[in-house]
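# A closer look at the structure
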Amino acid sequence: MTKFKVAAATLSLCLLGLGSVSAQKINPTSEKELKSSIEKHANLLSQTPLKDFKARNVGPTNMSGRIVDIEVAKDRKTFYIAAASGGVWKTVDNGQSFTPIFDHYGALGIGDMALSPSDNNILWVGTGENNSSRSTYAGAGVYKSVDGGKNFEMMGLLHTQHIGQIQIHPTNPDIVWVGSMGSLYSQNKERGLYKTTDGGKSWKKVLYVDDNTGVIDIKVHPENPDILLAATWERFRQAHDFIGNGTGSAIWRSEDGGDTWKKAVAGFPQNEFVGRIGFDFAQSNPDVVYALLDNQAKSDQEEEPRRRSRGEEEGALKFEDFKEMSVSEALALEDEKLEKFLRSNRFNTIYTAKEVKRQLRNGQINTTQIANYNGEVEDANAALFDAPIIGAEIYKSSDTGKSWTKVSESDISRVYNTYGYYFGEIRVNTENEEEVFILGVPLMVSRDGGKNFDRTDSIGRPHSDHQSMWINPEDSKHILLGNDGGLYRSYGGGERWDHLNTQMPISQFYSIMVDNAQPYNIYGGMQDNGVWYGSSTNTPNKPWDPLMGGDGMVVAVDTRDNNIVYTGFQFGNYFRIDKENGDRRLITPGHEIGTAPNRWNWRTPARLSHHNQDIIYMGSQYVYQSLDQGNTWKRISEDLTKNEKSGNVPFATLTVVEESPLEFGTLYAGSDDGNMWVTRNGGGNWTKIDTGLPQDRWVSSISPSQFKEGVVYATLNGYRYDEFTTMVYKSEDYGKTWKSIQGNLPDESVNIILEDHTNPAILYLGTDHGLYVTMDGGSNWNLYQGNIPNVAIYDMVIQKRENHLVVGTHGRSVYVIELGPIHDLAKPDQLIMN
């Protein structure tokens, strides 16, 4: 079975409730529950004693976050920017300064905006990003401002969750079309295309395919608003699998203002491989439309050229070479050639060429085991970039979308690599129908009507992964570009770019850490922006310094000299970095020959020991321990996951590995499939401790107490089931029994819990919608919101010497909070100073 057939079969089973994610295990949050949680959050905000407590944003802005939409007023100095998870920002001085205007509404993740062409005071905001990525947050309906963003009113569609596109009638602002992608991890009927003719007071669903297919794009004919095009997209994401294509994906056309629709079938693909679609009318010739298709059909490109394009040496040893190789033939291999094979394929460091040959001679291993070293677990990064699919294609219509012709001739598969679900935007030059931009990993331009493309993102070096573009209708050389690195501007048609990066701290942090320098430094890994560090005294616009590329992940700092940093990028690619001389060494542990390959989570857990910072722990499905700064590793657990589900996303992995600060040898581990474990003897024995907790839910954090042995806190997360409930627990007996400490919290997905360093009754909690503080152990929680908006909090750490809480947000960079006022507000007799 090909992976495409497997994907389609898996989807069919899931829709029937028979697949690996059964209907019995999924309990998505209902619209009623979502509304109740939003109201409870708002009530906590109005009543919190912490509302005026300060939080200082320290940036960074030099490496920004994902910008998903740009709306520009007739006064070109005024425009609006939508951050994927950082809200809406407005400038009135052509980008010299920006102000956030959408904080503290139902959700801070944004799918799309629309500015009324006839009244620039009217701005619509659709919440819930539409990119379907790992860090795509569900929204809370659509909002409308009639005063240029000073105030917003919720206009319904609360349970649409992810807004694909909003369009406003060019002359009648009461007519609005909204495309909903619906929920990301479950089926729902709220997806489709909605229309209002009374400014949002009432809605009619005018296009609906099924409960797994939403509307990702809508475009209105530039001269005739009765003609509209809409793109539907069938996609289904699970924690362990993602299907981004299907027969529901198509282009639809309306000639009556969107009241009725017909599928545009002439010349455009109609099969199960049709993925995300985006399109754009040519304003200079409105009958012309270009469409960008993510074609997930299998490519006929050979695998060997792909290997060479990845830098694999021709003639080098490959795993399949060992399948028919005898032991004597393996022993005859040149040591240098075998060593290159072992290192390039990341065998455990114990396996040198000489050691492998020794074990072959002694019968401890065989050549079949070497051939199967990676088993069926392929390199997750290679799978992300190198699956042999067709990828991006360009289609053109010259009759307003009635019929289509494929026009792309050059190979543009690398525009998307294999993750076209993350892109989908195409723009036509407003003055020249032959010039077409496509937004993907690189930014490409065609000047021959979509036949051939070249890069146009080299001068000024804008960040990769392009998400949004606006081209000035009166001056097509004036372009604004949004990508994973922030906002860029060109006055030369895209030949060179300026980075408008000094005003919007919208970085998306996965993790945060501090050292003990004077002043101390803050480190963090960011979505698609690598690992950076900066001084705790920074202002937002003061640049941070880079340490690592890729998607930045967990950071651990050896605070004995504040120079050695352990960090890396997605799927367990971790390094030891010497900041002083720039040296870096890959330290990711390999598994033993004969055991199942490592499965690394996107955000692989790593932890330095509280008791000896030469000791490092990492988690795949196993827990590994290094006693020598990552030079060598020992596996100290069996597979601690359920290891049941499989798909095209690495799963059944450990998400948390934590060590008790009081007891050396006491470790906790949690997995993405809901297992939780403890060992009291350094991994000699592990005890399962998830009885009494929600089952099969992602373990998002474990926090052993620093005051009392056996006390431990844990959070779980149902976000990947569209289950936005609060799961926060405390145990006083090493996890044998648990009690909920949700208290008065609203239902929101929880990412991190942290115990205060002076007072065990004070706990800090980060959810998908903000920061909470309790001063009585979890009976009553207060919303810490004011300077900090309702942004997702991924990670937190306390700098004990300075008495600071450092908060890593996924959308608004990093905040530093002085903890003195919180300690003063807590009961004095509970204070325990370290």
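Our subject is the structure that appears above.
Residues numbered from 1 in each chain as written. Predicted model: local features only at pLDDT ≥ 70, side-chain atom pairs only at ≥ 80, totals over all residues. Heavy atoms only, no water.

### What to know about the overall build of the chain
A count of helical and extended segments in the chain gives 9 helices and 58 strands. By the compact-globule yardstick of 28 Å for 834 residues, the chain fits well, its C-alpha radius of gyration being 27 Å. For the chain, the C-alpha atoms occupy an extent of roughly 75 × 75 × 50 Å along the three principal directions. Taking all 834 residues of the chain together, 64% fall into the buried category. Restricting the contact set of the chain to residue pairs at least 6 apart, pairs at least 24 apart contribute 56%. Carbon and sulfur atoms provide 47% of the accessible area of the chain, an area that totals close to 30,400 Å². Distance between charge centres in the chain, computed from 82 positive and 107 negative side chains, equals 2 Å. (Helix = DSSP H or I, 4+ residues; strand = E, 2+ residues; numbered from the N terminus. Rg over C-alpha atoms; globule rule 2.2 N^0.38 Å. Buried < 20%, exposed > 50% of the residue type's maximum accessible area, 1.4 Å probe, protein only. Contact = heavy atoms within 4.5 Å. Areas by Shrake-Rupley, 256 points an atom, 1.4 Å probe, with all protein chains shown as cover. Lys, Arg positive; Asp, Glu negative; His and termini not counted. Charge placed at Lys NZ, Arg CZ, Asp CG, Glu CD.)

### A closer look at helix α6 (residues 353-362)
For α6, the set of buried residues is Ala353, Val356, Lys357, Gln359 and Leu360. For α6, the angular spread of the buried residues around the axis is 165°, confining them to a single face. Opposite the buried face of α6, at more than 90 degrees from it, the exposed residues are Lys354, Arg361 and Asn362. On its buried face, α6 is in contact with α4 (327-331), α5 (335-344) and α7 (367-371). Positioned one or two residues after α6, Gly363 has a phi angle of 80°, which is positive. (Arc of directions from axis to C-beta.)

### Topic: the sheet that holds strand β43 (residues 634-635)
Spatial strand order, β40-β41-β42-β43: 4 strands in an open sheet with antiparallel pairing. Single-partner strands in this sheet number two, and they are β40 (606-608) and β43. With 2 bridges connecting them, strand β42 (residues 623-626) and β43 associate as antiparallel partners. Counted as the bridge partner of Gln625 is Lys634 from β43. (Pairing = 2+ DSSP bridges.)

### With respect to the environment of Ser183
By secondary structure assignment, the location of Ser183 is in the loop between β11 (176-180) and β12 (192-196). A relative accessible area of 1% places Ser183 in the buried class. Residues Ser183 and Phe279, 96 residues apart in the sequence, show an inter-C-alpha distance of 23 Å. Discounting residues that sit within four places of it in the chain, Ser183 has contacts with Thr160, Gln161, His162, Asn188, Arg191, Arg235 and Asp722.

### Regarding the pattern of salt bridges
With the rule as written, the count across this model stands at 25 salt bridges. Glu658 serves as the salt-bridge partner of Arg607, at 3.2 Å between the closest nitrogen and oxygen. Residue Arg607 is located in strand β40, and its partner Glu658 is located in strand β44 (residues 654-659); the two are separated by 51 residues in the primary sequence. Note that Lys688 and Asp690 form a salt bridge whose closest N and O atoms lie 2.8 Å from each other. Here the salt bridges share partners, and the residues they tie into one network are Asp558, Arg560 and Asp614. (Salt bridge = Lys/Arg side-chain N within 4 Å of Asp/Glu carboxyl O.)

### Some words on unusual backbone geometry
Cis geometry marks the peptide bond from Gly59 to Pro60, where omega comes out at 5°. If you trace the backbone, Pro60 turns up in the loop between β1 (56-59) and β2 (67-72). Backbone torsion omega between Gln518 and Pro519 reads -10°, so that peptide bond is classified as cis. Backbone geometry at Arg346 places phi at a positive 60°, although glycine is not the residue there. By the secondary structure assignment, Arg346 is in the loop between α5 and α6.

### As for the side chain of Thr456
Its location among the elements puts Thr456 in the loop between β27 (454-455) and β28 (466-471). Within the structure, the side chain of Thr456 is placed 2.6 Å from the backbone oxygen of Gly494, a separation counted as a polar contact. Aside from chain neighbours lying at most four places away, what touches Thr456 is Phe437, Leu443, Met444, Val445, Gly494, Glu495 and Trp497. (Polar contact = N/O pair within 3.5 Å; in protein donor to acceptor, adjacent residues only side chain to side chain.)

### With respect to the packing of α5 against α6
Across the interface, α5 lies against α6 with an axial gap of 8 Å and an inter-helix angle of 100°. Viewed along their axes, α5 and α6 adopt a mutual orientation that is roughly perpendicular. Here α5 contributes Asp335, Leu338, Glu339 and Leu342 to the contact with α6, which in turn contributes Ala353, Lys354, Val356 and Lys357. Along the lines of polarity and charge, the residues of the contact of α5 with α6 split into 4 nonpolar, no polar and 4 charged. (Axes fitted to C-alpha atoms, helices over the stretch in contact; angles between N-to-C directions. Parallel < 35°, antiparallel > 145°, perpendicular 65-115°, else oblique. Nonpolar A, V, L, I, M, F, W, Y, C, P; charged D, E, K, R; others polar.)

### Looking at the packing of aromatic side chains
For any pair of aromatic rings, geometry is given as the distance between the ring centres together with the angle between the planes. Here the structure, examined in full by the defined rule, presents 30 aromatic pairs. Here Phe268 and Tyr395 contribute two aromatic rings whose centre-to-centre distance is 5.0 Å and whose plane-to-plane angle is 55°, an arrangement assigned as tilted. Placement of Phe268 in the loop between β19 (262-263) and β20 (274-281) and of Tyr395 in strand β22 (residues 389-397) is noted, with a sequence separation of 127 residues between them. Accessibility expressed as a relative area gives 3% for Phe268, which makes it buried. (Phe/Tyr/Trp six-rings, centres within 6.5 Å; stacked < 30°, edge-to-face > 60°.)

### Quick word on the sheet that holds strand β13 (residues 204-207)
The 4 strands lie next to each other as β10-β11-β12-β13, forming an open sheet whose pairing is antiparallel. Here the strands that pair on one side only, and so sit at the sheet edges, are β10 (163-168) and β13. Sheet twist, expressed as the mean angle between neighbouring strand axes with direction ignored, is 25°. Across 3 bridges, β12 lies against β13 in antiparallel orientation. Paired with Leu193 across the strands is Leu207, a residue of β13.

### Looking at the nonpolar core
Of all hydrophobic cores here, the largest spans 40 residues; its most connected members are Ile251, Phe268, Ile277, Phe279, Ile394, Trp404 and Ile438. For this core, the elements supplying multiple residues, two or more each, are β15 (228-234), β20, β21 (289-298), β22, β24 (426-428) and β25 (436-439). Per-element accounting of this core gives the leading share, 5 residues, to β21. Among residues more than four places away in sequence, those in contact with Trp404 are Leu229, Ile251, Ala264, Ala266, Gly267, Phe268, Val289, Tyr290, Ala291, Tyr395, Lys396 and Ser397. Core analysis: the next-biggest nonpolar cluster, separate from the first, contains 26 residues, Tyr523, Met526, Phe575 and Val814 among them. (Core = buried A, V, L, I, M, F, W, Y, C linked by side-chain atoms within 4.5 Å.)

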